[in-house]
Amino acid sequence: MKIIVITLFPEIFNALNSGISGRALKNNLLTLTFINPRDFTHDPYHRVDDRPYGGGPGMVLKPEPLWEAIMAAKSQLPSAKVIYLSPQGKTLTQKHIQNGASQKEIILVAGRYEGIDERIVTMLIDEEWSIGDYVLSGGELAAMVVIDALIRCLPGSLGDEASREQDSFTSGLLDYPHYTRPEIFAKMTVPEVLLRGNHQAIQRWRMKQSLGRTWLRRLDLLKQRLLSQEQQALLDEFMQEYTE
Ligand code: ADE
């Protein structure tokens, strides 16, 4: 997969050089490059922003350098969708990310200041994506969130490919609780079933916890799903024990 990020602050993305994303970049599962709109300014001050027409606080990214930067990215990745990270976009879910990960090329535009000139959105942006209903100081962190989530979906990116299947949301449910050694910590023990090595019982316990947590914390997710008879029975068990 190839991603170009249009950003005034490419150095922010250095954080992606660690951990799972760092390994994916090193192994060339993902080629990540940057284009800086400041390199497409033609005035002596290299201005990339200006005051908003109509007045008001903040600055708006000027259209000309952004236009040239996006066009330069499109010439490198002709089949790429151009995605603008903004709180006005559609809120991302794991489904959108899985869809995105099936693309060969993506161009991400990270805005700054109050936003980008709307004529760029009209002319050059294919989709607007938000990572949640809150406002960041710029699209860079949002783009990094998207890139990290995309990388997890690329085959070969995870040390153990099974862990993707276990991710919350991949199954449409929240994850079950995890434990590791020591067996007793802060006077709390590990659930018995996890110590006995009965894999079927462990699977049932984990599914029950996933269902129960989703019921407690994200009823909206549960309502979107059709449960199997066994899952419904496990959830009933969980609900029964919870209300006892
Ligand atoms: N830029 C600023 N806030 C954002 C958000 N919530 N999602 C995506 N991009 C953003």
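The structure under discussion appears in the preceding block.
Bear in mind the structure is a predicted one, so any value in this text is a computation, not a measurement.

Student: Help me understand the packing of aromatic side chains in this model?
Tutor: How two aromatic rings sit relative to each other is given by the distance of their centres and the angle of their planes. Taken as a whole, this structure holds 4 aromatic pairs when the rule is applied. Between the aromatic rings of Phe 13 and Phe 34, the centroid separation amounts to 5.1 Å while the plane-to-plane angle is 50°, which identifies the pairing as tilted. With a gap of 21 residues between them, Phe 13 in the loop between strand E1 (2-6) and helix H1 (19-26) and Phe 34 in strand E2 (residues 31-35) connect regions that are remote in the sequence. When the ring of Trp 215 is compared with that of Phe 238, the centres are 6.2 Å apart and the planes differ by 80°; the resulting orientation is edge-to-face. Of this pair, Trp 215 sits in helix H7 (residues 199-217) while Phe 238 sits in helix H9 (residues 229-243); the two residues are 23 residues apart in sequence, bridging distant segments of the chain. Taking relative accessible area as the criterion, Phe 238 reaches 11% and is therefore assigned buried. Members of the aromatic cluster, joined through ring pairs, are Trp 215, Phe 238 and Tyr 242.

Student: Looking at this structure, I do not really get the sheet that holds strand E4 (residues 60-61). What am I missing?
Tutor: Strands in a sheet are paired, the pairing made by backbone hydrogen bonds, and the direction either parallel or antiparallel. Here we have 3 strands laid out as an open sheet, ordered E3-E4-E7, and mixed in their pairing. Each having just a single partner strand, strand E3 (49-50) and strand E7 (115-116) make up the two edges of the open sheet. Of the pairings in the sheet, the one linking E4 to E7 comprises 2 bridges and is parallel in character. Paired with Val 60 across the bridge in E7 is Gly 115.

Student: Looking at this model, I keep getting lost on the packing of H7 against H9. Mind explaining?
Tutor: Two quantities define a packed helix pair, namely the angle between the helix axes and the distance between the axes. Two elements in contact, H7 and H9, have axes whose closest approach is 9 Å; the angle formed by their N-to-C orientations is 65°. The pairing of H7 with H9 is recorded here as roughly perpendicular in orientation. In this structure, H7 meets H9 at a crossing whose hand is right-handed. Along the contact surface, H7 presents Arg 204, Met 207, Lys 208, Gln 209, Leu 211, Gly 212, Arg 213, Trp 215 and Leu 216, while H9 presents Glu 230, Gln 231, Leu 234, Leu 235, Glu 237, Phe 238, Met 239, Glu 241 and Tyr 242.

Student: What is the right way to read the pattern of salt bridges from this model?
Tutor: Any two side chains of opposite charge can pair, so long as their charged atoms come close to each other. What the rule picks out here adds up to 12 salt bridges. Note that Arg 47 is salt-bridged to Asp 50, the shortest N-O span being 3.8 Å. Taking relative accessible area as the criterion, Asp 50 reaches 29% and is therefore assigned partly exposed. With a shortest N-O distance of 2.9 Å, Arg 218 and Asp 220 are connected by a salt bridge. By relative accessible area, Arg 218 is classed as partly exposed at 31%. A relative accessible area of 37% means that Asp 220 is categorised as partly exposed.

Thresholds, definitions, all that
- Residues numbered from 1 in each chain as written.
- Predicted model: local features only at pLDDT ≥ 70, side-chain atom pairs only at ≥ 80, totals over all residues.
- Heavy atoms only, no water.
- Phe/Tyr/Trp six-rings, centres within 6.5 Å; stacked < 30°, edge-to-face > 60°.
- Helix = DSSP H or I, 4+ residues; strand = E, 2+ residues; numbered from the N terminus.
- Buried < 20%, exposed > 50% of the residue type's maximum accessible area, 1.4 Å probe, protein only.
- Pairing = 2+ DSSP bridges.
- Axes fitted to C-alpha atoms, helices over the stretch in contact; angles between N-to-C directions.
- Parallel < 35°, antiparallel > 145°, perpendicular 65-115°, else oblique.
- Left-handed = near helix turned anticlockwise from the far one by under 90°.
- Contact = heavy atoms within 4.5 Å.
- Salt bridge = Lys/Arg side-chain N within 4 Å of Asp/Glu carboxyl O.

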